[in-house]
Amino acid sequence: MANMVGKVLESHKITFHEDELPPEGLSHNKALHITMQCEDYFITRILIDGGSNLNICPLVTLRMLGKSLHEIKDGSINVKAFDGSQKSTIGEIGLCLQMGPTWFDVEFQVIDIPASYNLLLGQPWIHTAGAVASTLHQAVKFELNH
């Protein structure tokens, strides 16, 4: 019985292989950016950051999506940036994002900052999606329908 359980668990593994490496191989130092769809828009430069405790939406991205400030729920919190500075968020907004055939309802903290990304997906999304991100392979994988 224990052997059968091991086989079942092993069939649900997420793995990355050497042939999935980007052309630069092991020598790259790129951040992991992906593209997802939100309503009628394709959003590029979505940063996957397993070190972030929040999902972040810069105000400029929200405006690009045609969302108004009235759609932001109250609930300002202080966010500590990588450089140690602190900034208050404007509030929270839910966005529906599509990756492949899968849709994700994601809650973002909206903040008015200049950013090198259009959205930041942190631990809340990574854990909810059951995603495994590999900056080395420049890929995100998650299980779909087992």
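Presented here is a report on the structure given in the accompanying data block.

About the thresholds
- Residues numbered from 1 in each chain as written.
- Predicted model: local features only at pLDDT ≥ 70, side-chain atom pairs only at ≥ 80, totals over all residues.
- Heavy atoms only, no water.
- Helix = DSSP H or I, 4+ residues; strand = E, 2+ residues; numbered from the N terminus.
- Contact = heavy atoms within 4.5 Å.
- Lys, Arg positive; Asp, Glu negative; His and termini not counted.
- Charge placed at Lys NZ, Arg CZ, Asp CG, Glu CD.
- Phe/Tyr/Trp six-rings, centres within 6.5 Å; stacked < 30°, edge-to-face > 60°.
- Buried < 20%, exposed > 50% of the residue type's maximum accessible area, 1.4 Å probe, protein only.
- Lys NZ or Arg CZ within 6 Å of the ring centre and 35° of its normal.
- Polar contact = N/O pair within 3.5 Å; in protein donor to acceptor, adjacent residues only side chain to side chain.
- Salt bridge = Lys/Arg side-chain N within 4 Å of Asp/Glu carboxyl O.

1. Brief notes about the overall build of the protein chain
The number of helices and strands found in the protein chain is 3 helices and 10 strands. Counting helices and strands in the order they occur from the N terminus, the protein chain gives α-β-β-β-α-β-β-β-β-β-α-β-β. When contacts within the protein chain are restricted to residue pairs at least 6 apart in sequence, long-range pairs at least 24 apart make up 60% of them. Of the charged side chains in the protein chain, 10 are positive and 16 negative; the average position of the first set lies 3 Å away from that of the second.

2. Side note on the packing of aromatic side chains
Counting across every chain of the model gives 2 aromatic pairs. On the numbers, 5.4 Å between centres and 75° between planes, the contact of Phe104 with Trp125 is edge-to-face. With Phe104 in strand β7 (residues 102–111) and Trp125 in helix α3 (residues 123–129), the pair connects residues that are 21 residues apart, well separated along the chain. Comparing Phe104 with Trp125 shows no difference in burial state: the two are buried. Ring centres of Phe104 and Phe142 lie 5.4 Å apart, and the angle between their planes is 80°; on these two criteria the pair is classed as edge-to-face. Taken together, the residues span a long stretch of sequence, with Phe104 in strand β7 and Phe142 in the segment after β10 (139–141) at a distance of 38 residues. Connected via pairs of aromatic rings, a cluster forms that spans Phe104, Trp125 and Phe142. Against the face of Phe16 rests Lys141, its NZ or CZ located 4.7 Å from the ring centre.

3. Considering the side chain of Thr61
Positionally, Thr61 belongs in helix α2 (residues 59–64). One polar contact links the side chain of Thr61 to the main-chain carbonyl oxygen of Asn118, over a distance of 2.6 Å. In contact with Thr61, other than residues within four places in its own chain, are Asn118 and Leu119.

4. Comments concerning unusual backbone geometry
Phi angles above zero are rare outside glycine, and Glu39 is one such case at about 55°. Mapping Glu39 onto the fold places it in the loop between β1 (33–38) and β2 (41–48). In this structure, Arg45 takes a positive phi of about 55° despite not being glycine. Mapped onto the elements of the fold, Arg45 is located in strand β2.

5. Side note on the pattern of salt bridges
Overall, the coordinates contain 6 salt bridges when judged by the stated rule. A salt bridge links Lys67 to Glu39, with the shortest nitrogen-to-oxygen separation between them at 2.7 Å. In this pair, Lys67 is assigned in the loop between α2 and β4 (78–80) and Glu39 in the loop between β1 and β2, connecting sequence segments 28 residues apart. With a closest N to O distance of 4.0 Å, Glu92 and Lys73 form a salt bridge. Placement of Glu92 in strand β6 (residues 91–99) and of Lys73 in the loop between α2 and β4 is noted, with a sequence separation of 19 residues between them. Taking relative accessible area as the criterion, Glu92 reaches 25% and is therefore assigned partly exposed. Classification of Lys73 as partly exposed rests on a relative accessible area of 41%. A single network of salt bridges, built from pairs that share partners, joins Glu39, Lys67 and Glu71.

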